[in-house]
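Architecture and fold: a report
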Amino acid sequence: MSRTENTDSVQLATYVVDRLAEHVTDVVLSPGSRNSPLAYALLARRDIAVHVRIDERAAAFTALGMARLQRRHVAVVMTSGTAVANAYPAVIEAHMSHTPLAVVSADRPEYMVGTGASQTIWQQGIFGRYARTQHVSALGDAISFDPDQVHVNVALDTPLVPAALPEAAGEPRRVGPGRFGRRAWADHGDVRIDLDRDTLVIAGDEAWEVPGLEHVPTIAEPTAPTPFHQVHPLAARFFAQPEVSVSHDGGDFAVSTKPEQVVVVGHPTLHRDVMALLADPDIVVIGLSRTDTFTDNPQVRGSRVNATGQPSDTWLKICEAAGEVGAQTVRDALAEEQYGFTGLHVAAAVGDTLGVGDTLVLGASNPVRDASLVGLPFDGVTTLAARGAAGIDGTVSQAVGAALATQALHPDEVRAPRTVALMGDVTFLHDVGGLLIGPGQRHPGNLTIVVANDNGGGIFETLEVGAPAVRGAFEEAFGTPHDVDIESIARAYSVEYARAESLPQLIDALLDAQEAPAPITVIEARTTRATRRDLAQRLRA
């Protein structure tokens, strides 16, 4: 487009925001010059809540956290240049987790691209396969909202500032999740399942309650629905064996313990022994998905089941017994003093203090696995975790976004419903800027962030890189101790702080935060990772 053909930027921004208001109720805005027409138009809307963050990466993850809970689009708006690229990690996670997210980026007019103009890059197509770019340079250009990720790239030329503040537009509204419709799930058809055969369900992220499988024993990850016959994940090694010998009334006999078929619902990823069942050639694997993603290439695929028969009493008892052995193993290990105060103890304390109506946000690496080991999912607790790309990116910001969304969904309650986030110290430090919320902005009303601080990468202690034979390079490359003073960080961001150096202290701190909540409270649990490898081996044994 030539320089003389440019559309008035204020009018174009108003047009874009009018379309945006048809799909979103919340926008996270990062300041900039090129996106100033969009900022003016957004702040004039009475039907859009605008949240301002100075860091585009934190802004995008805050929007993602809100969208996870709302299950509809939340938008992030930024200026041109690398500001747009800062949204890339959140866009990837949104795509992989099928979470609706809209990125609205300001851009220079096309005649400036490739000329060396300041803060000008090739923004069209910047997100590749993760979000298709819709370039808008004139009034009436099409803007469509796909079920998942949207990238609206708006070419804005000078002048960028209106002669006067725009008049207010739109009417205040209250909406719940799904008001503007849910995504169109993929339908892969029915699968016939004979439940007279020994069947085990493995439910992962994005799992749902599948009619027909309600009474089948289930290993469920924390973000899955709570099953009726919940089986502890440590029982997976038990199910990998063809049979076990048991004694009863003075006699010994063999019991068949390997399931004949495993039904995978959603996207499980957490436990190696659980995932190993999917690779067992003696087990038929049936995958159920409502997206285009199936875990580990199952032999049979579908979205619904046509079930016949029912689990036998013997199979139900075997699964119940195996699950109880797994749960008891964790309880016994937590009581053994030689392991000290670990991240698993922290997860147990968080789990013990959760209540119906709480929202739980779990960080990647150890916390989400520890939550699984101590018994999650729980009935009545909404649990969120970044399992799309399984990274630690933006966890603090997502927790803040989830807390804001929870609060907005209950505007008439005297006290905002509680949001608890559990994460490791590296995860917390990686996104600590997510705590930066300026004065006058909407703050969470009841967010507790529990940081299991073992001074480094505790997850690596349990992996191959933590083995004694290669331990010499461990601390520098994987342990990465940091010695950061988290209390000073909390003070710098003006959030409440508490420290716990034992399990009783942590429970007291959690109960105190529950009784008298601050907008944001950081509880630092000073843990050890020196025993994590031994603890993991104890659990596996």
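Residues numbered from 1 in each chain as written. Predicted model: local features only at pLDDT ≥ 70, side-chain atom pairs only at ≥ 80, totals over all residues. Heavy atoms only, no water.

**With respect to the sheet that holds strand β19 (residues 447–453)**
Pairing is parallel in the open sheet, where six strands are placed in the order β17-β16-β18-β19-β21-β20. Edge strands, defined here as strands with exactly one partner in the open sheet, are β17 (382–385) and β20 (496–500). Strand-to-strand twist across the sheet, computed as the mean angle between neighbouring axes with direction ignored, equals 20°. Relative to strand β18 (residues 419–424), strand β16 (residues 359–362) runs parallel, the two being bridged by four bridges. Paired with Thr359 across the two strands is Thr419, which belongs to β18. Lying over the sheet, helix α11 (residues 395–408) contacts β16, β17, β18 and β19, oriented at roughly 175° with respect to β18. (Pairing = 2+ DSSP bridges. Helix = DSSP H or I, 4+ residues; strand = E, 2+ residues; numbered from the N terminus. Axes fitted to C-alpha atoms, helices over the stretch in contact; angles between N-to-C directions. Contact = heavy atoms within 4.5 Å.)

**Digging into the packing of aromatic side chains**
Under the counting rule described, the total for this entry stands at six aromatic pairs. Residues Tyr88 and Tyr130 carry aromatic rings whose centres are separated by 6.2 Å and whose planes lie at 70° to one another, so their mutual orientation is edge-to-face. You can see Tyr88 sitting in helix α5 (residues 88–97) and its partner Tyr130 sitting in the loop between β4 (101–107) and β5 (133–136), a full 42 residues away along the chain. The exposure class of Tyr130 is partly exposed, given its relative accessible area of 22%. A centroid spacing of 5.9 Å and a plane angle of 75° characterise the contact between Phe238 and Phe239, whose relative ring orientation is edge-to-face. (Phe/Tyr/Trp six-rings, centres within 6.5 Å; stacked < 30°, edge-to-face > 60°. Buried < 20%, exposed > 50% of the residue type's maximum accessible area, 1.4 Å probe, protein only.)

**Concerning the domain arrangement of the protein chain**
Taken domain by domain, the protein chain comprises domain 1 (9–155), domain 2 (190–328) and domain 3 (338–540). A separation of 30 Å is found between the C-alpha centroids of domain 1 and domain 3. Summing both sides of the interface, domain 1 and domain 3 together bury roughly 1900 Å²; the carbon and sulfur share of this comes to 60%. Of all residues in domain 1, the largest losses of buried area upon contact with domain 3 belong to Arg53, Arg57 and Leu69, amounting jointly to 31% of the total for that side. Applying the counting rule to domain 1 against domain 3 returns two salt bridges. Between Arg57 and Asp393 there is a salt bridge whose closest N-O contact spans 3.0 Å. Run the count over domain 1 and domain 3 and you get eight residue pairs in polar contact (both at pLDDT 80 or more). Looking at the side of domain 1 that touches domain 3 element by element, the count peaks at ten residues for helix α3 (residues 56–70). A per-class count over the side of domain 1 that touches domain 3 returns eleven nonpolar, five polar and four charged. (Domains from an automatic or database assignment. Buried area = accessible area lost by both parts, 1.4 Å probe. Salt bridge = Lys/Arg side-chain N within 4 Å of Asp/Glu carboxyl O. Polar contact = N/O pair within 3.5 Å; in protein donor to acceptor, adjacent residues only side chain to side chain. Nonpolar A, V, L, I, M, F, W, Y, C, P; charged D, E, K, R; others polar.)

**Considerations on the sheet that holds strand β14 (residues 300–302)**
Within a sheet, adjacent strands bond to each other through the backbone by hydrogen bonds, running parallel or antiparallel. What the five strands build is an open sheet, ordered β9-β8-β12-β13-β14; its pairing is parallel. In the strand order of this sheet, the two ends are held by β9 (218–220) and β14, each with one partner. Each strand of the sheet is rotated relative to its neighbour by a mean of 20°, with strand direction disregarded. Bridge count for strand β12 (residues 261–265) against strand β13 (residues 284–288) is five bridges, and the pairing is parallel. Counted as the bridge partner of Val263 is Ile286 from β13.

**Notes on the UniProt feature "domain: Thiamine pyrophosphate enzyme N-terminal TPP-binding" (unreviewed entry) in the protein chain**
Mapped onto this structure's residue numbering, the UniProt feature "domain: Thiamine pyrophosphate enzyme N-terminal TPP-binding" (unreviewed entry) falls at residues 12–121. Secondary structure across residues 12–121 comprises 43% helix and 17% strand; the distance between its end C-alpha atoms is 21 Å. (UniProt positions renumbered as here; feature names shortened; annotations may be inferred.)

**Focus on the packing of α3 against α11**
Working note: a packed helix pair is described by the angle between its axes plus the distance between those axes. Where α3 contacts α11, the axes come no closer than 7 Å and their chain directions differ by 45°. Judged by the angle between their axes, α3 and α11 are oblique. Where α3 crosses over α11, the two elements pack in a sense that is right-handed. Facing Ala58, Phe61, Thr62, Leu64, Gly65, Met66, Arg68, Leu69 and Gln70 of α3, the residues of α11 in contact are Ser397, Gln398, Gly401, Ala402, Leu404, Ala405 and Thr406. Across the contact of α3 with α11, the residue classes break down as eight nonpolar, seven polar and one charged. (Parallel < 35°, antiparallel > 145°, perpendicular 65-115°, else oblique. Left-handed = near helix turned anticlockwise from the far one by under 90°.)

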